[in-house]
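An overview of the molecular structure
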Amino acid sequence: AQSVTQPDARVTVSEGASLQLRCKYSYSGTPYLFWYVQYPRQGLQLLLKYYSGDPVVQGVNGFEAEFSKSNSSFHLRKASVHWSDSAVYFCVLIAYQGGRALIFGTGTTVSVSP
Amino acid sequence: NSKVIQTPRYLVKGQGQKAKMRCIPEKGHPVVFWYQQNKNNEFKFLINFQNQEVLQQIDMTEKRFSAECPSNSPCSLEIQSSEAGDSALYLCASSLLGGPEQYFGPGTRLTVL
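Presented here is an overview of the structure given in this document. All values derive from a computational prediction rather than experimental measurement.

Some words on the overall build of chain A
When you go through chain A residue by residue, the secondary structure sums to zero helices and 12 strands. For chain A, the succession of helices and strands along the chain, N to C, is β-β-β-β-β-β-β-β-β-β-β-β. For 114 residues, the compact-globule estimate of 2.2 N^0.38 gives 13 Å, and chain A sits close to it at 14 Å. Dimensions along the principal axes, computed over C-alpha positions, put chain A at roughly 45 × 30 × 20 Å. Within chain A, the proportion of its 114 residues that are buried is 46%. Put simply, of all contacts in chain A between residues at least 6 apart along the chain, 55% involve residues at least 24 apart. Counting only carbon and sulfur atoms, one obtains 49% of the accessible surface of chain A, whose full area is about 5300 Å².

Okay, here's the thing in structure tokens:
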């Protein structure tokens, strides 16, 4: 079965510190993976995507993610967080059976403290 | 930034009432998806369309839920008889044909009293 697991429900970091959010997926074959961010009272915004090739992908606002097929992981990183990075981050897998519905992790809430 | 438009942003209904929400996909995106996000951040895929045709839908939507994407009109999702468990954020997303990325609107937050 296809699934996405985000083991950390909440993460608190200080402004200027580095951030890593973990994501593990279950999928037979090479997955299409995304990270989306949801700010309060807003919809989901695409941060970055991985389809193939270089396992390290760059996204918006200084975010990057690293894909590992051997570990079935797609961890998100940022070198130095800003208070505006406080949001909920979702790791997402696309299911290519049927209509290409997205499979979401349950999200990691990031709080950036001053 | 996504240009998917969803209306209304907030919807409050009593149990048994109809609830209808609309979505205008990004220009040039023929594929539209509806998802339900509950308060625990669990997402449920409901239905998707390619132009006016249903591509895939879950069993739940075949009963109290109905959706359509008529030509030259907003797509819509309607719950015929709302239940408390339907309270959630309903997200509409659109994509290019064959394009994996989905672009989301701000959602309609439904509260069923």
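Description of the overall build of chain B
Looking only at helices and strands, chain B has zero helices and 11 strands in total. Seen in sequence order, chain B has helices and strands lined up from the N terminus as β-β-β-β-β-β-β-β-β-β-β. Computed over its C-alpha atoms, the radius of gyration of chain B comes to 13 Å, within 12% of the 13 Å expected for a compact globule of 113 residues. Counting across all 113 residues of chain B, residues that qualify as buried make up 45%. Taking all contacts inside chain B whose residues are at least 6 apart in sequence as the whole, residues at least 24 apart take part in 53%. Summing over all exposed atoms, chain B offers an accessible surface of approximately 5700 Å²; the carbon and sulfur share of this is 47%.

What about the nonpolar core?
Residues and elements named next belong to chain A. Counting 28 residues, the largest nonpolar core has Trp35, Leu48, Phe74, Leu76 and Tyr89 as the members making the most contacts within it. Mapped by element, the contributors of at least two residues to this core are β2 (10-14), β3 (19-21), β5 (33-38), β6 (44-50), β8 (63-68), β9 (73-78), β10 (87-94) and β12 (108-113). In terms of residues, this core owes the most to one element, β10, which gives four residues.

Side note on the interface of chain B and chain A
If you look at the interface, chain B gives 27 residues, while chain A gives 25 residues. Buried surface at the junction of chain B and chain A, summed over both partners, amounts to about 1700 Å²; 54% is from carbon and sulfur atoms. Taken together, chain B and chain A are joined by one salt bridge. Across the pair Glu101(B) and Lys49(A) runs a salt bridge, and its minimum N-O distance is 2.3 Å.

Section: the side chain of Ser82(B)
Residue and element names in this part refer to chain B. The residue Ser82 is located in the loop between β8 (75-79) and β9 (88-95) in this model. At 2.8 Å, the side chain of Ser82 forms a polar contact with the backbone oxygen of Gln17. Each residue touching Ser82, except ones within four places of it in the same chain, is listed here: Lys13, Gly14, Gln15, Gly16, Gln17, Lys18, Ala19, Arg64 and Val112.

Some remarks on the packing of aromatic side chains
Residue and element names in this part refer to chain A. Enumeration over the complete set of coordinates arrives at 17 aromatic pairs over all chains. Arranged with centres 6.0 Å apart and planes meeting at 15°, the rings of Tyr25 and Phe67 form a pair that is stacked. Taken as a pair, Tyr25 in strand β4 (residues 24-26) and Phe67 in strand β8 lie far apart in primary sequence, 42 residues in all. For Phe67, a relative accessible area of 9% gives the class buried.

Notes on the sheet that holds strand β3 (residues 19-24) of chain B
Backbone hydrogen bonds are what pair the strands of a sheet, in a parallel or an antiparallel way. Residues and elements named next belong to chain B. The four strands are arranged β1-β3-β8-β7 in an open sheet whose pairing can be described as antiparallel. Edge positions in the sheet fall to β1 (5-7) and β7 (65-68), since each of these pairs with one other strand and no more. When the angles between neighbouring strand axes are averaged without regard to direction, this sheet yields 15°. Note: β1 against β3, three bridges, orientation antiparallel. Each bridged residue has a counterpart across the sheet, and for Thr7 the counterpart in β3 is Arg22.

Re the pattern of salt bridges
Where side chains of opposite charge bring their charged atoms close, a pairing between them can arise. All chains considered together, the criterion is met by seven salt bridges over all chains. A salt bridge links Glu66(A) to Arg77(A); the nearest nitrogen and oxygen atoms lie 2.9 Å apart. With Glu66(A) in strand β8 and Arg77(A) in strand β9, this pair connects stretches of sequence that are 11 residues apart. For Glu66(A), a relative accessible area of 33% gives the class partly exposed. With a closest N to O distance of 2.7 Å, Asp86(B) and Arg64(B) form a salt bridge. Residue Asp86(B) is found in the loop between β8 and β9, and its partner Arg64(B) is found in the loop between β6 (53-57) and β7; the two are separated by 22 residues along the sequence. Asp86(B) sits in the buried class, given a relative accessible area of 4%.

About the criteria used
Residues numbered from 1 in each chain as written. Chains lettered and ligands numbered in written order. Predicted model: local features only at pLDDT ≥ 70, side-chain atom pairs only at ≥ 80, totals over all residues. Heavy atoms only, no water. Helix = DSSP H or I, 4+ residues; strand = E, 2+ residues; numbered from the N terminus. Rg over C-alpha atoms; globule rule 2.2 N^0.38 Å. Buried < 20%, exposed > 50% of the residue type's maximum accessible area, 1.4 Å probe, protein only. Contact = heavy atoms within 4.5 Å. Areas by Shrake-Rupley, 256 points an atom, 1.4 Å probe, with all protein chains shown as cover. Core = buried A, V, L, I, M, F, W, Y, C linked by side-chain atoms within 4.5 Å. Buried area = accessible area lost by both parts, 1.4 Å probe. Salt bridge = Lys/Arg side-chain N within 4 Å of Asp/Glu carboxyl O. Polar contact = N/O pair within 3.5 Å; in protein donor to acceptor, adjacent residues only side chain to side chain. Phe/Tyr/Trp six-rings, centres within 6.5 Å; stacked < 30°, edge-to-face > 60°. Pairing = 2+ DSSP bridges. Axes fitted to C-alpha atoms, helices over the stretch in contact; angles between N-to-C directions.

These figures capture arrangement, not role.
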